[in-house]
Amino acid sequence: MASPTFYSQVRIRLREFDLIVVEGIRGKSVGVSALTLAYRFAPRRRRNGLQEQREALLLPEGVQVVNPDVTAAEAIADLKTLPRWTYLLLMVAAPVMGLVFALRGPRAFLDEDLVVEDLPSTLRAEMLADDPVEHAMIDRRDQRLLAALGEIHAERGDEPIRVAVVYGAGHVPAIVSGLRNRHGYRPREAEWLTVLVPA
């Protein structure tokens, strides 16, 4: 979820690309629904000023889209590799946090820990960067994304195409290091968009 302005800015930028690689767990499961409760409920409260991410809001017509993300069953299987008590706590805490987020709005959980940096800037951020829950939630997804980008590089690397990778900020470190290590790509510039501004 994000502010409507964010989605319109992203959509305008995506019109300039030849191929879009987009994030999004495929399929449904009770576990994934519990984990994504905040994404579905918070935008329903008008005062939060948020919209749920939907392809119609984000993806322009006429541009090829690839979604290499995991299925809902794979996402839950990865979480089940955590210690049982951690998995159960996550499944209970996520819906509660989602409801709090929906009622209180974005300011309920926004803090410096949501910032993604190349290197952690505090001890707490460093500890969170190596969190087993975080690894369970994104490692396989990052591997799938990098495999898809590798296929695009192999098949179309000699073409002058522009490829947009529309994934959350938590995936960016793996994208940057993976493209550098596997294919020699280097970032040349960056532009930040504000996802939401807490009230």
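First, a word on scope: everything that follows refers to the structure included in this document. (Residues numbered from 1 in each chain as written. Predicted model: local features only at pLDDT ≥ 70, side-chain atom pairs only at ≥ 80, totals over all residues. Heavy atoms only, no water.)

**Considerations on the packing of helix 8 (residues 132-156) against helix 9 (residues 172-183)**
A pair of packed helices can be characterised by two numbers: the angle between their axes and the separation between those axes. Packing of helix 8 against helix 9 brings their axes to within 10 Å, and their N-to-C directions diverge by 45 degrees. When the axis of helix 8 is compared with that of helix 9, the two are oblique. When the axes of helix 8 and helix 9 are compared, the crossing they make is right-handed. Of the residues in helix 9, those touching helix 8 at D142, L145, L146, A147, L149, G150 and H153 are A174, I175, G178, L179, R182 and H183. (Axes fitted to C-alpha atoms, helices over the stretch in contact; angles between N-to-C directions. Helix = DSSP H or I, 4+ residues; strand = E, 2+ residues; numbered from the N terminus. Parallel < 35°, antiparallel > 145°, perpendicular 65-115°, else oblique. Left-handed = near helix turned anticlockwise from the far one by under 90°. Contact = heavy atoms within 4.5 Å.)

**A short note on the packing of helix 5 (residues 72-79) against helix 8**
For the pair helix 5 and helix 8, the least separation of the axes is 8 Å and the interaxial angle reads 130 degrees. Put simply, helix 5 runs oblique to helix 8. Considering how the two elements wind past one another, helix 5 and helix 8 form a crossing that is right-handed. Contact with helix 5, carried on its side by E74, D78 and L79, involves A136, M137, R140 and R144 of helix 8 and no other residues of that element. Looking at side-chain class alone, the contact of helix 5 with helix 8 contains three nonpolar, no polar and four charged residues. (Nonpolar A, V, L, I, M, F, W, Y, C, P; charged D, E, K, R; others polar.)

**Focus: the pattern of salt bridges**
Enumeration over the complete set of coordinates arrives at eight salt bridges. For E191, the salt bridge identified is with R13, shortest N-O distance 2.6 Å. Here E191 is found in the segment after helix 9, whereas its partner R13 is found in helix 1 (residues 4-14), with 178 residues between them in sequence. Its relative accessible area of 59% is what places E191 among the exposed residues. Between D69 and R141 there is a salt bridge whose closest N-O contact spans 2.7 Å. Here R141 lies in helix 8 and D69 lies in the loop between strand 2 (64-66) and helix 5, a separation of 72 residues in the sequence. When sorted by exposure, D69 lands in the same class as R141, which is buried. Each of E74, D78, R140 and R144 takes part in a single network of salt bridges with overlapping partners. (Salt bridge = Lys/Arg side-chain N within 4 Å of Asp/Glu carboxyl O. Buried < 20%, exposed > 50% of the residue type's maximum accessible area, 1.4 Å probe, protein only.)

**Considering the nonpolar core**
L35, I76, L79 and M91 are the most contacted members of the largest nonpolar core, which has 14 residues in total. Contributing elements (two or more residues each) for this core: helix 2 (30-35), helix 5, helix 6 (84-104) and helix 8. In this structure, L35 is in contact with L79, L90, M91 and A94, ignoring residues within four places of it in sequence. Listed in part, the 13 residues of the second largest apolar core include F6, F17, L58 and A164. (Core = buried A, V, L, I, M, F, W, Y, C linked by side-chain atoms within 4.5 Å.)

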